[in-house]
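# Residue-level structural notes
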Amino acid sequence: MSTNSNARSPYIARITHQDEVFGKVLIKNELDLTQEKHRFPDKYCDRPFEYLEITPAGECVLCCPAWLPNVIGNVNEGSILDIWNGERANIIRQTILDGSYSYCSNTLCPAIVNDTLPDIDKIPQPYLKKYPKVIVLGIDESCNLLCPSCRSTRISYASGEKYNSKKTIFDRVIAEFFSAPHNEEITIILNSAGDIFGSKITRDFMFDFDPTPWPNFKLNIMTHGVLFTKKYWDRIHLWHNKINTFNISFDAATEETYDKIRVGGDWTTLLENCRLIYTNIDQYKFLSMDFVVQDLNYKEIPAFVELINREFPLAKVMFKVVVDWGSWDNSTFKQRAVWREDHPNNLEYKQIVETVRNKIKAGEYKNVSLGNLGN
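It should be emphasised that the depicted structure is a prediction, and the values quoted were computed from it without experimental measurement.

This part is about the packing of aromatic side chains. Within the structure shown, the criterion is met by 30 aromatic pairs. Measuring from ring centre to ring centre gives 5.9 Å for Phe250 and Trp267, while their planes differ by 90 degrees; the resulting arrangement is edge-to-face. Pair noted here: Phe250 is in the loop between β9 (243-249) and α9 (255-261) and Trp267 is in helix α10 (residues 267-279), with a separation of 17 residues, a long-range link. Comparing Phe250 with Trp267 shows no difference in burial state: the two are buried. Clustering of aromatic rings is evident, with ring pairs tying together Phe170, Phe178, Phe205, Phe209, Trp214, Phe217 and Trp239.

Core analysis: the biggest nonpolar cluster contains 112 residues, and Phe250 and Phe319 have the highest contact counts within it. Not counting the four nearest positions on each side in its chain, Phe319 is found in contact with Phe291, Val293, Ile301, Phe304, Val305, Val368, Ser369, Leu370, Gly371, Asn372 and Leu373.

With that settled, consider the side chain of Asn191. Counting through the fold element by element, Asn191 comes out in the loop between β7 (186-190) and α7 (200-208). Here Asn191 falls in the buried class, since its relative accessible area comes to 2%. Setting aside anything within four residues of it in sequence, one finds Asn191 in contact with Leu137, Gly138, Asp140, Ile196, Ser199, Thr202 and Met222.

With that out of the way, let us pick up the confidence of the model for the protein chain. Counting all residues, the mean pLDDT for the protein chain is 92, and 95% of those residues have values of 70 or more. Segment residues 1-13 is flagged for pLDDT under 50; beyond a separation of four residues in sequence, or across chains, it makes 39 contacts in the model.

To continue, consider the side chain of Ser249. Tracing the chain through its elements places Ser249 in strand β9. Residues in contact with Ser249, not counting those within four places in the same chain, are Thr223, His224, Arg262, Leu270 and Asp290.

This paragraph deals with unusual backbone geometry. Looking along the chain, the bond that leaves Leu190 and enters Asn191 is cis, with omega of -10 degrees. Despite not being glycine, Tyr101 has its phi angle at roughly 45 degrees, a positive value. Among the secondary structure elements, Tyr101 is positioned in the loop between α4 (87-97) and α5 (110-113). Residue classification places Tyr101 among the buried residues on the basis of a relative accessible area of 1%. For Asn367, which is not glycine, the phi torsion reads 55 degrees and is therefore positive. Along the chain, the position of Asn367 falls in the loop between α13 (346-361) and β12 (368-369).

Right, let's talk about the environment of Ile261 for a bit. Position of Ile261 among the secondary structure elements: in helix α9. The spatial distance from the C-alpha of Ile261 to the C-alpha of Ile123 is 40 Å, given a sequence separation of 138 residues.

Here strand β10 (residues 286-293) lies mainly inside the structure; six of its eight residues are buried. Where β9 meets β10, five bridges bridge the pair, whose relative direction is parallel. Considered in β10, the bridge of Ser249 is made with Asp290.

Taken in spatial order, the ten strands of this open sheet run β5-β4-β3-β6-β7-β8-β9-β10-β11-β12, and their pairing is mixed. Two strands bound the open sheet, and with one partner strand each, they are β5 (73-74) and β12. Bridge analysis of strand β8 (residues 217-223) against β9 gives five bridges, and the strand direction is parallel. Within β9, the position partnered with Ile221 by the bridge is Phe246. Packing against the sheet, α10 makes contact with β9 and β10, and its axis sits at approximately 165 degrees to β9.

With that out of the way, let us pick up the environment of Ile112. Within the secondary structure, Ile112 sits in helix α5. Along the primary structure Ile112 and Trp67 are separated by 45 residues, whereas in three dimensions their C-alpha atoms are 9.9 Å apart. Excluding residues that lie within four positions of it along the chain, Ile112 makes contacts with Phe40, Tyr101, Cys104, Ser105, Asn106 and Leu117.

This structure, assessed with the given rule, holds 15 salt bridges. Across the pair Asp119 and Lys122 runs a salt bridge, and its minimum N-O distance is 3.7 Å. Overlapping salt bridges bring together Lys43, Asp119 and Lys122 as one network.

Quick look at the packing of helix α11 (residues 301-311) against α13 now. Here α11 crosses α13 at 30 degrees, and the two axes come no closer than 9 Å. Of the residues in α13, those touching α11 at Ile301, Pro302 and Glu306 are Ile352, Val353, Val356 and Lys359. When its residues are assigned to classes, the contact of α11 with α13 shows five nonpolar, no polar and two charged.

Here we take up the packing of helix α6 (residues 160-178) against α7. Contact geometry for α6 and α7: axes closest at 10 Å, N-to-C directions at 40 degrees. As far as their axial angle goes, α7 and α6 are oblique. Here α6 and α7 pass one another in a crossing that is right-handed. From α6, Tyr163, Lys166, Lys167, Phe170 and Ile174 reach across to α7, where they touch Lys200, Ile201, Thr202 and Phe205. Each residue belonging to the contact of α6 with α7 can be placed in one class, and the counts come to five nonpolar, one polar and three charged.

Analysis parameters
Residues numbered from 1 in each chain as written. Predicted model: local features only at pLDDT ≥ 70, side-chain atom pairs only at ≥ 80, totals over all residues. Heavy atoms only, no water. Phe/Tyr/Trp six-rings, centres within 6.5 Å; stacked < 30°, edge-to-face > 60°. Helix = DSSP H or I, 4+ residues; strand = E, 2+ residues; numbered from the N terminus. Buried < 20%, exposed > 50% of the residue type's maximum accessible area, 1.4 Å probe, protein only. Core = buried A, V, L, I, M, F, W, Y, C linked by side-chain atoms within 4.5 Å. Contact = heavy atoms within 4.5 Å. pLDDT = per-residue confidence, 0-100. Pairing = 2+ DSSP bridges. Axes fitted to C-alpha atoms, helices over the stretch in contact; angles between N-to-C directions. Salt bridge = Lys/Arg side-chain N within 4 Å of Asp/Glu carboxyl O. Nonpolar A, V, L, I, M, F, W, Y, C, P; charged D, E, K, R; others polar. Parallel < 35°, antiparallel > 145°, perpendicular 65-115°, else oblique. Left-handed = near helix turned anticlockwise from the far one by under 90°.

What follows is the structure in structure tokens.
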């Protein structure tokens, strides 16, 4: 099954900027084009030196594409390592070393928004790694949910031209980095574009690939959690000691709100599966329960912290603002983006965030990151 060919992709954006080096660049917040860029001459960000994300089109970026959208190459056009060491990648890295951060989003990058970039003199050299330390495989958007923030129709590629194209890209990445055993430290993140078990490509990979010959190969899992049953957990037993982190998307603190945002999901099943994952927390390093803030759920920010602190006290609570992935028309996105200054509920949103921030400082709320929700 595949989607309607006219379905809007999660990676369409309306705001573009023409750059003399990178050509057309997709921007997620127009304020990044109008506000004066901040400089960080004594700070450092490791992302462009260690991180590679591959999008559904095979494009390569050196950070989350909402935070640093400049494309450095395409895996359909050459070696991934050549792209990693290429001119465009090094141009971006130079903006970190000179402190200009000229390609980074000042409004969406959590480290910039919260002023948490580390001091550069505390970072050991060499900065650039032989291989990317983290590779995000956001190649296949297939998912059994229909969340309006990232898609307008259900997306599922299990055969046909698009499936074959995405499978080719995925297999090319795996072959380039894992054709023979090695000791390099590489972490793969699955699946940033869809769901790790909702995608046939990544599901088959988890079932069929044996990671044991690579002692320093680790896995970070991004999932909506609904399909992460005991059956699947047992099926991926070879991966259990390879898992570094789980990031599980909630976006709600109540079933009523969850059903509006995570269309096709099941709140009870999500909680049951999270309890399964939580009981195995000794087998991995980090569990994050994630909440993307929009106008349909911002009032539940405090309740979500309290839910996770109560039910999963060792888990991290992570927030970030919703951005425009092209699945909404422009007016709907502006209605959803309560974090924007021109939103009618922005003041109430800020007051809620400030209340949560104060409870974090007071120690009432534990293990909470407000991400790019602002200071």
